[in-house]
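Geometric and topological summary
Single-letter residue listing:
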Amino acid sequence: EELRSTYLWLATSDGLKALELCAASEARRRDLQLKAAEAASFQPRYVIVHIYGVCDGAEHPPVDGPGRADAYCTLRLVSASGEEVGSAASSRVCYRTTAPAWRQTLELPLAGGTMRAGFFRNEHAASLRLRVDVMDAQVGPMGWLLNVSQLAAALFACGLGAAWASGFTDTWSRE
C-alpha cells in the first residue's frame, strides 16, 4: 500500500517536479513514471472471465455417441466491426458429459491502449464484445479416429480376457 501511495504521488504535479529535480537519468525517470502509472491506473489491462458451466436444466447437445460430449469454451474479444482483438483463451475440456462444469477463471489481455498524462488509457475497450464459443473436442476425423481406437482397445481387452479364461495364454509363457 505504501508503494502504491508513492506511485500515486509520483503521478501528481508535485511528484513530477520532485522527479525532475532528481539526479536520475532520463530513462530511469521515464521508467519510474511508467511504473507509477501502471500501479495507479484504474484502467484494466485484462478482462477476467469466470466460467462455471451450463445453466440449471440446460445441457450441451450430445455429439460423441450415446449421450456424450467433450465440451470446452473458447473466449475471444471482438470489435464492433467483427474482427478478433488480441489473443483467445480456452478452458479445459469436460469429458463425456452433457452438463459441463468448468469452474475456471480465464484472462484475456486488452490489446492497445496508450500512456497519457502518466496514466494508461484504453478508449476502445468499452466497445469490445466477449464471444464465447462452446465446442466439442472430438469433432472431425481425429474424433472419429479416437472413437475407433477406443473400440479396438475394448475388443482387444475382451479378446485377451477370453484367452486368459480359456487357458490359451498359458502357452505363451512356456518355452
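Preceding this paragraph is the structure being described.
Reading the values: the criteria
- Residues numbered from 1 in each chain as written.
- Predicted model: local features only at pLDDT ≥ 70, side-chain atom pairs only at ≥ 80, totals over all residues.
- Heavy atoms only, no water.
- Pairing = 2+ DSSP bridges.
- Helix = DSSP H or I, 4+ residues; strand = E, 2+ residues; numbered from the N terminus.
- Axes fitted to C-alpha atoms, helices over the stretch in contact; angles between N-to-C directions.
- Contact = heavy atoms within 4.5 Å.
- Buried < 20%, exposed > 50% of the residue type's maximum accessible area, 1.4 Å probe, protein only.
- Polar contact = N/O pair within 3.5 Å; in protein donor to acceptor, adjacent residues only side chain to side chain.
- Core = buried A, V, L, I, M, F, W, Y, C linked by side-chain atoms within 4.5 Å.
- Salt bridge = Lys/Arg side-chain N within 4 Å of Asp/Glu carboxyl O.

Ordered by their spatial adjacency, three strands build an open sheet running E3-E2-E7, and the pairing between neighbours is antiparallel. Unpaired on one side and paired on the other, strand E3 (84-90) and strand E7 (129-136) mark the two borders of the sheet. Strand-to-strand, the axes of this sheet are offset by a mean angle of 20°, without reference to chain direction. Here strand E2 (residues 71-78) runs beside E7; their pairing, made up of eight bridges, is antiparallel. The residue of E7 that forms the bridge with Leu75 is Val132.

Now for the environment of Met135. Relative to the helices and strands, Met135 resides in strand E7. As a C-alpha pair, Met135 and Tyr72 span 63 residues in sequence and 5.6 Å in three-dimensional space. In this view, Met135 contacts His60, Asp70, Ala71, Tyr72 and Thr74; residues no more than four positions away in its chain are not counted.

Looking at the element boundaries, Ala89 is found in strand E3. Classification of Ala89 as buried rests on a relative accessible area of 11%. Through-space distance from the C-alpha of Ala89 to that of Thr74 is 5.8 Å; in sequence the pair is 15 residues apart. Contact partners of Ala89, with chain neighbours within four places excluded, come to Cys73, Thr74, Leu75, Leu106, Glu107 and Leu108.

With respect to the helices and strands, Ser91 occurs in the loop between E3 and strand E4 (104-109). From its side chain, Ser91 meets the backbone nitrogen of Cys73 in a polar contact 2.8 Å long. Here the side chain of Ser91 touches Trp102 through a polar contact of 3.4 Å, side chain to side chain. Sequence-distant contacts of Ser91, defined by excluding residues within four places in its chain, comprise Ile51, Tyr72, Cys73, Trp102, Gln104 and Leu106.

For soluble globular proteins, nonpolar side chains are generally found buried alongside one another. Ranked by internal contacts, the top residues of the largest apolar core, which has 14 residues, are Ile51, Leu75, Leu77, Trp102, Leu106, Leu108 and Leu128. Of all elements in the fold, only strand E1 (46-51), E2, E3 and E4 reach the threshold of two or more residues within this core. Among the elements that make up this core, the one with the highest residue count is E2 (four residues). Residue contacts for Leu128: discarding those within four places in its chain leaves Leu77, Val78, Ser79, Val85 and Leu110.

This paragraph deals with the pattern of salt bridges. Using the criterion set out here, one finds four salt bridges in the structure. Residue Glu84 is joined to Arg76 by a salt bridge in which the shortest nitrogen-to-oxygen separation is 3.2 Å. Between Arg76 and Asp133 there is a salt bridge, with the nearest N and O atoms lying 3.5 Å from each other. Placement of Arg76 in strand E2 and of Asp133 in strand E7 is noted, with a sequence separation of 57 residues between them.

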